[in-house]
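Structural overview
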Amino acid sequence: MDAQDRRPRTSAAGASRLPRAGRGSGERGSPARYEPAVELDRSSSQPLHAQISAPIKRAILEGHLLPGTRIENEVSMSRRLNVSRPTTRQALQSLVEGGFLLRRRGVGTVVAPQPVRQLMRLPSLHEEIIAAGHESTTEILNYNHRRATDAIAAQLAVPIDSPVVELERLRKRDGAPVAILYNWLPAAITPPRDKLENHGLYELLREAGVELASTTQSVGAERPDRREAKLLAISLRDPVLTIDRTAFDPRGAIIEWGFHIYRADLYRYESTVFAQG
């Protein structure tokens, strides 16, 4: 399946781009408010809010923005970047929800003291199934070496025609199909096909020394198409859970982009939210 058919509705494909020096980086002697240097590509498939949040997130991950640094407010940002206020609000809110920023009454939006990403480990579905006491098996449906198209390059933040691997796997729990997993990764870090038959993708990446620090993802529900329904052994009327996910390393570079389809009757999505005072 081509990336254009399953393009995530929200992503942070620009997160690996180094931000230019914005005003108010949090260093001594600089202005108190950080105004991110953002280059908006209005023709890109990447949402504008993601293009705005990406350089802020990158600056935090790389330590250029210190905890407590005040971020430009949504009104000022929308005027400066010539975008709507809901767009800048969504950009900042996504970082608040990710644990990178805090909203403080009387102060505004500031860099959080400790991003949530440091408190959470990213398990694979394979590891989740085994941890629950079930048998996990994988059927590799596609393992294709290819050149990055415009869409794939945008999602992985790599040059067009870069070598990438397109994965399609069917994950089973105790022999019953649970999920169809689509993933795109740079070819240099993609695990071998034979290892993916018995191990989770994130597990293999960690073993190879690729560190996963955070993800951005969106969760949705829809009806399966005929092929998906057949693979998951469900009817066309049964809803499926979908997750668009982009994974980042500690520097903010994109490791992989995935689109996963789960049987709603066999999989439950859970997340933990940490309150920070």
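Thresholds applied
- Note that residues are indexed from 1 along each chain, following the sequence as it is written.
- The predicted nature of this model means local features are confined to residues of pLDDT at least 70 and side-chain atom pairs, given and counted, to a pLDDT of 80 or more, with totals for whole chains, interfaces and linings taken over all residues.
- Only hydrogens and water are removed before side-chain values are computed, so all heavy atoms of the structure are retained for them.
- Helix and strand assignments come from DSSP, with helices taken as H or I runs of at least 4 residues and strands as E runs of at least 2, each series counted from the N terminus.
- Burial classification: accessible surface area is computed with a 1.4 Å probe over protein chains only, and a residue below 20% of its type maximum counts as buried, one above 50% as exposed, and the rest as partly exposed.
- Contact definition: two residues touch when any of their heavy atoms are within 4.5 Å.
- Using the Shrake-Rupley algorithm and a 1.4 Å probe, accessible areas are obtained, with residue cover drawn only from the displayed protein chains.
- Axes here mean lines fitted to C-alpha atoms, for a helix over just the part in contact, with angles spanning 0 to 180 degrees between N-to-C directions.
- Throughout, the term roughly parallel applies to angles under 35 degrees, roughly antiparallel to angles over 145, roughly perpendicular to angles from 65 to 115, and oblique to all others.
- Crossing handedness: left-handed means the near helix sits turned counterclockwise from the far one by under a right angle, and right-handed means the same turn made clockwise.
- Any carboxyl oxygen of Asp or Glu within 4 Å of a side-chain nitrogen of Lys or Arg constitutes a salt bridge here.
- If DSSP finds at least two bridges between two strands, the strands pair.
- Helix span is expected to be 1.5 Å times the residue number reduced by one.
- Here a polar contact is recorded for every N or O atom pair within 3.5 Å, except that within protein the pair must consist of a potential hydrogen donor and a potential acceptor, and residues adjacent in sequence are included only if both atoms are side-chain atoms.
- pLDDT expresses how confident the predictor is about each individual residue, on a scale running from 0 to 100.

1. Comments concerning the overall build of the chain
When you go through the chain residue by residue, the secondary structure sums to 8 helices and 10 strands. Among the 277 residues that make up the chain, the fraction classed as buried is 49%. The contacts of the chain with a sequence gap of at least 6 include a subset with a gap of at least 24, amounting to 63%. When the accessible area of the chain is evaluated, it comes to approximately 13700 Å², of which 48% is carbon and sulfur surface.

2. A closer look at the packing of helix α2 (residues 74-81) against helix α3 (residues 85-97)
Their axes nearest at 8 Å, the elements α2 and α3 cross at an angle of 120°. Between α2 and α3, the crossing angle belongs to the class labelled oblique. As α2 runs across α3, the sense of the crossing is right-handed. On α3, the residues that touch E74, V75, M77 and S78 of α2 are R85, T88, R89 and L92.

3. Thoughts on the pattern of salt bridges
Close approach of charged atoms allows side chains of opposite charge to pair. Evaluation of the coordinates by the stated rule reveals 9 salt bridges. Close ionic contact of E35 with R80 constitutes a salt bridge, the shortest N to O distance being 3.8 Å. With E35 in the loop between β1 (33-34) and α1 (48-61) and R80 in helix α2, this residue pair connects regions lying 45 residues apart in the sequence. A residue is classified by how much of its surface remains accessible, and E35, at 10% relative accessible area, is buried. With its nearest N and O atoms 2.7 Å apart, the salt bridge here joins E72 to R80. In this structure E72 comes out as buried when scored by relative accessible area, which is 0%. Overall, the relative accessible area of 35% leaves R80 in the partly exposed class. In the salt-bridge network here, residues are joined through shared partners; they are R33, E35, E72 and R80.

4. Observations concerning the environment of L101
Within the element layout of this structure, L101 appears in strand β3 (residues 101-104). Apart from residues lying up to four places away in sequence, L101 is in contact with I60, I71, L92, L95, V96, T109, V110, V111 and A112.

5. Considering unusual backbone geometry
Positive phi outside glycine occurs at N82, with the angle close to 60°. Looking at the element boundaries, N82 is found in the loop between α2 and α3. Residues other than glycine seldom take positive phi values, yet D161 does so here, at roughly 80°. Along the chain, D161 falls in the loop between α5 (150-156) and β6 (163-173).

6. Brief notes about the environment of I130
Turning to its location among the elements, I130 is positioned in helix α4 (residues 125-131). Classification of I130 by relative accessible area gives partly exposed; the value is 45%.

7. A look at the sheet that holds strand β8 (residues 214-222)
Strand order in the open sheet formed by 6 strands is β5-β6-β7-β10-β9-β8, with antiparallel pairing between adjacent strands. Across the chains shown, the open sheet's two edge strands, defined by having one partner strand only, are β5 (136-147) and β8. Across the sheet, the axes of successive neighbouring strands diverge by a mean angle of 15°, strand direction being ignored. Direction of pairing for β6 relative to strand β7 (residues 176-186): antiparallel, over a ladder of 10 bridges. Following the sheet pairing, V164 is matched in β7 by P186.

8. Here's the deal with the pairing of β7
Where burial is concerned, most of β7 is hidden: 10 out of the 11 residues are buried. Taking the residues that link successive antiparallel strands as the turn, the β6-β7 hairpin has 2 residues, and the phi of D174 there is positive, at about 50°.

9. Quick notes on α3
The terminal C-alpha atoms of α3 lie 18 Å apart, and with 13 residues this matches the ideal 18 Å at 1.5 Å per residue to within 8%. For α3, the secondary structure elements touched by its buried residues are α1, β2 (70-71), α2 and β3. Remark: G99 follows α3 within two positions and exhibits a positive phi of approximately 85°.

10. Looking at α2
For α2, every residue scored as buried is listed here: E74, S76, M77, S78 and L81. Residues of α2 that are buried sit in contact with β1, α1, β2, α3 and β3. A side-chain oxygen of the first residue of α2 lies 3.1 Å from the backbone nitrogen of V75; this N-cap is N73. Positive phi shows up at N82, right after α2, with a value of about 60°.

11. Digging into the confidence of the model for the chain
Scored by pLDDT, the chain has a mean of 80; 80% of the residues are at 70 or more. The model gives residues 1-31 a pLDDT under 50, and that stretch makes 88 contacts with residues more than four places away or in other chains. The low-confidence segment residues 115-121 (pLDDT under 50) makes 17 contacts with residues lying over four places distant or belonging to another chain.

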